[in-house]
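Secondary and tertiary structure notes
In case you want the letters, here they are:
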Amino acid sequence: MSIISVRDVSKDYLLGKTQVHALRGVTLTVERGEFLSVAGPSGSGKTTLLNLIGCVDTPTTGVVEVAGRDTSRLTERALTDLRLHQIGFIFQSFNLVQVLSVFQNVEFPLLLQGGLTRAERAVRVQGLLEAVGIREYGRHRPSELSGGQRQRVAVARALVTRPALVLADEPTANLDSQTGQNIIDLMREMNRKDGTTFVFSTHDPKVMAHANAIVRIADGVVAGREPVGAMA
Amino acid sequence: MSARLDATRVLLRIAFRNLVASRVRTVIIGLIVLVGALIVVVGASLMESIDRGMRTSIQGSLGGQLQVYQSTSEGQLELYGGLRGESLLDPIPDFARVKKVLSKVPNVKTIVPMGIDQALVATGNAFDVTLERLRADVRRLQANPRDGEARRGLEARQAHVRRLIALLDQDLRQAQVLADPDGRDAALRKAQRADLDRAAAPEFWPAFERDRLAGLEFLENKIAPLALDSGFTFIRYVGTDVEAFMKAFDLAEVAEGKPIPPGRRGILLGKQYAEEWLKLKNARRLDQIKDKRDRFHARIASSEELQRWVKDTRSRAREILIQLDPLQAAEAERRLRPALKAPQGEELPALLARLFDLDDANFDDHYRIFYEQLAPLLRLYQISVGDTITIKAPGKTGAFNAVNVKVYGFIQFKGIEKSGIAGTTSVMDLQSFRDLYGYVTRDKAEELAKLRAQMGATTVSREEAEAALFGGGASAPLVETTRTAAIDDASLLAGVGEKRKAAQALETRAYTQEEIDGGVALNAAILLDDPSRIRESQAAVQAAADAAGLKLKVVDWETASGMVGQFVLLLRGILVFALVVFFGVALVIINNAMVMAALQRVKEVGTMRAIGAQRRFVVAMLLVEIVAVSLVFGVAGAALGGGVVAIIRAAGGIPATTDLLFFLFSGPALLPHLGVASVAASLILVVAVAIASALYPALIAMRVTPVEAMSMED
Ligand SMILES: Nc1ncnc2c1ncn2[C@@H]1O[C@H](COP(=O)(O)OP(=O)(O)OP(=O)(O)O)[C@@H](O)[C@H]1O
Ligand SMILES: [Mg+2]
């Protein structure tokens, strides 16, 4: 069964008095283990789509199913549980907790989940910080980091619970190409080893090149879905 | 389980970090909480101590735990008097029955009958006292004409009376200068003038030597009433089964003299009443100045009130001069001169002026000299222990009743000696109260009427009585019975031997418990075995009274205390009101601060929600924050409050500056007691208020949706 099923979804925003149709009838299916890229120009609705899939927003019309569950039928609490246990989200604007250190930010979802010992958590968090290349910044506060470093914290936080689905909104936008490459490699590694499903939006063709398939989105509709044969 | 713990730990960590991150807000909220806790701790400690003090004062002096009185009464029972004087109570017709019925109620220990009322007491004057002594000398000389000491005493006394007459003469002349020569009382004044002229004439004393008794009669009946300081004072008393009373009210103690023997008639005068109304004014003023100096650290130099008192003391030296006959005056001079380091030959008036020329430097010395050297020569109180006094009161029928009772001693209530509320109450036997009040049980009516006739307790009409009270003693026969100590020496009066015997018989008669119980009372105090079960017992006593057909109203001590109790209620009301206002304001401020905090954290909260934090987590985050602040600062405030309480205690407490406070504090100062209860209450209160003021902000936080965090930049 597919891990994501989006059917006829539209999303309208009210900006002042005008209606903005951010999405207008999107249908999309993502299978488990896919490594999918969502591409499109700025303002085309990439973030909006990821938010709906990530259960942080609700569609105006249409159905969003994640892990086989119709999100419109879930209670607030169940939705939250779904976010905590199934999904890892890398936000475009990072969204770190300012009063917590880098280490603590990454550890935070593990604490919410519970179940791991302090030592287990430390190993997991340290491993990820190392993988994204900010091992020595564990004790720093987010405000003491550069944009790129913050983005790497956000990546580590999304991956730390080893979720079935990772949604990444422009995960490499603020990174130099080398670091971006490392992050993509890390994600690919998880995809391969654990079968983690990845959906990420990007403008970067180099990043797109790593995907199984690219969903092109423009002006709130899916313009097409094409496999990336070379990398498969 | 450990998941919970982890979540809690991160919750605490975030709360703490947020508190540190927004220091200004934390300190503002913290200070509000701190002040709140401080006010509550100090306020509650004071209130609790006042409560305890009042309970001690009321329960231990007159109240007991419960009070009963006739339910048909027009007024309510007010143990310490109300605005309009004493309570208007219907009498309980047969106290014995009340006692019988209520004694059977479980938890009831004692029932003490009472009748509280005011009456008039005749106070003697210097003239009376001197004439008494003169009469004693006369009697001794008559028994033994060779008695040299009596002869010397007589001469000294005569000199004293001569001086008093001279003074009276002066007073009267002054008064008559002011009076209209053709006025209404012209005839009376003329007669007084003639009498005084006769007494002041040089022939008077040789004539006195020829017929001393006739001379005495003339002085007593015609001259003594002219003395202006003769008069009446009001006395507030409780007529009661004195033996039961002293046993039931553990604060009561006989300060001077001895208890009234069981079953006897008699009175114990309120010590504080004696101090205020019966004591020689100079001595009283000295006491007051000393009290102000010692307890309130007032100084004569800086206190206008003390300066006034000093002046008053100086101008009252004459009252001392009047009291002393030449022998005593010489003795006083002999004692005062060395003590005051006065020049040889300085006379008493100058010595007294020297003694009462008080300032802060010499006060303590002069106070001591007064009490050590001069006071033993003086009659310090207008009524002394051992005197028999005449008490008058309007009875039930409106006519004045009078009884003579022996003063066995002064009574005071431990801890509240100085309180004008309890300390001015005198304790009298129940029989005398009934006589005064005019109520008797039917079977005793006759007997008592006979006794009253024998002892000379006269029932006079109200008009006559008022004439006697306010007409300056125009009605001679009445004055005779009211003149204080004259009754004690009644046998000296020609033809009153019988009367004296009757009075003595009444004085020494011991009444049985049946006689004491079998009659009227106005109210009765009930003391319980277990005072904490007062509510339960109040209902039980009421039920028992109703079942027995007794028309009784049962009230608790607080209600029975009337205005005093209401004052405490008022104090408590003020405290509660202040707290409500304070915490109302605190609620608004903390609420605003926390709303700002919540709004500032929309992104943080949204992010947490997006990552998978439940609503309850973010609500808890805010609440933990506010609880932590209020606990930390609350504890600090409570500790500070404890410090304030300790400082107040170390400084000797809050001094009782008025009689009412003395009574409420149950002592000269309020020593607030820091109770675990008040500390706990303050913490619970401030935390509760803090949580209440964080509820709306918490709701805001709860409503934050994850998507709200998305559209914001870091
Ligand atoms: N909260 C919002 N309120 C109003 N309009 C919104 C909101 N979020 C997005 N939009 C609008 O919806 C449309 C799609 O926005 P979205 O952020 O999904 O685009 P995007 O493809 O992610 O763009 P970018 O590449 O710049 O991130 C845009 O026109 C945007 O202005
Ligand atoms: Mg976007």
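The rules behind the values
- Residues numbered from 1 in each chain as written.
- Chains lettered and ligands numbered in written order.
- Predicted model: local features only at pLDDT ≥ 70, side-chain atom pairs only at ≥ 80, totals over all residues.
- Heavy atoms only, no water.
- Phe/Tyr/Trp six-rings, centres within 6.5 Å; stacked < 30°, edge-to-face > 60°.
- Helix = DSSP H or I, 4+ residues; strand = E, 2+ residues; numbered from the N terminus.
- Lys NZ or Arg CZ within 6 Å of the ring centre and 35° of its normal.
- Donors = N, O, S within 2.8 Å, 3.2 Å for Na, K, Ca; no water.
- Buried < 20%, exposed > 50% of the residue type's maximum accessible area, 1.4 Å probe, protein only.
- Near = heavy atom within 4 Å.
- Polar contact = N/O pair within 3.5 Å; in protein donor to acceptor, adjacent residues only side chain to side chain.
- Nonpolar A, V, L, I, M, F, W, Y, C, P; charged D, E, K, R; others polar.
- Core = buried A, V, L, I, M, F, W, Y, C linked by side-chain atoms within 4.5 Å.
- Contact = heavy atoms within 4.5 Å.
- Pairing = 2+ DSSP bridges.
- Axes fitted to C-alpha atoms, helices over the stretch in contact; angles between N-to-C directions.
- Parallel < 35°, antiparallel > 145°, perpendicular 65-115°, else oblique.
- Left-handed = near helix turned anticlockwise from the far one by under 90°.

**Observations regarding the packing of aromatic side chains**
- Summed over the entire model, instances satisfying the criterion amount to 16 aromatic pairs over all chains.
- A centroid spacing of 5.1 Å and a plane angle of 65° characterise the contact between Phe35 of chain A and Phe200 of chain A, whose relative ring orientation is edge-to-face. Residue Phe35 of chain A is found in strand S3 (residues 35-39), and its partner Phe200 of chain A is found in strand S8 (residues 197-201); the two are separated by 165 residues along the sequence.
- Through successive ring pairs, a cluster of aromatic residues spans Phe356, Phe363, Tyr367, Phe370 and Tyr371 of chain B.
- Its end group placed over the ring of Phe35 of chain A, Arg188 of chain A keeps NZ or CZ at 4.6 Å from the ring centre.
- The lysine or arginine in question, Lys290 of chain B, covers the ring of Tyr367 of chain B, its NZ or CZ lying 5.2 Å from the ring centre.

**Focus: the coordination of the magnesium ion (ligand 2)**
Residues and elements named next belong to chain A.
- In the first shell of the magnesium ion (ligand 2), the protein supplies Thr47 (OG1) and Gln92 (OE1), at 1.9 to 2.4 Å from the metal. One end of the pair, Thr47, is in helix H1 (residues 46-53); the other, Gln92, is in the loop between strand S6 (87-90) and helix H3 (102-113), with 45 residues separating them in the sequence.
- Judged by relative accessible area, which is 28%, Thr47 ranks as partly exposed.

**Looking at the site of ligand 1**
All names here are of chain A.
- What surrounds ligand 1 is a group of 15 residues, the closest being Ser42, Gly43, Lys46, Thr47 and Thr48.
- Within the side chain of Ser42, a nitrogen or oxygen atom sits 2.5 Å from an oxygen atom of ligand 1.
- Within the backbone of Gly43, a nitrogen or oxygen atom sits 2.8 Å from an oxygen atom of ligand 1.
- Where the shell around ligand 1 is concerned, the elements lending two or more residues are strand S1 (4-15), strand S2 (18-30) and H1.
- Looking at the shell around ligand 1, the element that brings in the most residues is H1, giving 3 residues.
- The residue inventory of the shell around ligand 1, partitioned by class, reads 5 nonpolar, 8 polar and 2 charged.

**Notes on the nonpolar core**
- One finds Leu102, Phe245, Leu352, Phe370 and Ile391 of chain B to be the most contacted residues of the largest nonpolar core, which totals 124 residues.
- Discounting residues that sit within four places of it in the chain, Leu102 of chain B has contacts with Val68, Val108, Ile111, Ile526, Val541, Ala544, Ala545 and Leu552 of chain B.
- The next biggest cluster of nonpolar side chains, apart from the first, holds 53 residues, and it includes Leu82 of chain A together with Leu11, Ala610 and Val704 of chain B.

**Structural notes on the sheet that holds strand S4 (residues 61-66) of chain A**
All names here are of chain A.
- Pairing is antiparallel in the open sheet, where 4 strands are placed in the order S2-S1-S4-S5. In this open sheet, the two edge strands, each paired with only one partner strand, are S2 and strand S5 (69-70).
- Direction of pairing for S1 relative to S2: antiparallel, over a ladder of 10 bridges. If you follow Leu14 over to S2, its bridge partner there is Gln19.

**Overview of the packing of H3 of chain A against helix H4 (residues 118-131) of chain A**
Residue and element names in this part refer to chain A.
- It is at 10 Å that the axes of H3 and H4 come closest, and there the two elements cross at 125°. By the criterion of interaxial angle, the relationship of H3 to H4 is oblique. You can see that H3 and H4 cross each other, and the crossing is right-handed. Here Val102, Phe103, Val106, Glu107, Leu110 and Leu111 of H3 come into contact with H4, specifically with Arg121, Ala122, Arg124, Val125, Gln126 and Leu129.
- Taken together, the residues of the contact of H3 with H4 sort by class into 8 nonpolar, 1 polar and 3 charged.

**Some thoughts on unusual backbone geometry**
- Despite not being glycine, Ala67 of chain A has its phi angle at roughly 50°, a positive value.
- With a phi angle near 55°, Lys341 of chain B is a residue other than glycine that sits in the positive phi range.
- Checked against the element boundaries, Lys341 of chain B lands in the loop between helix H14 (326-340) and helix H15 (348-355).
- According to the relative accessible area criterion, Lys341 of chain B is exposed, its value standing at 72%.

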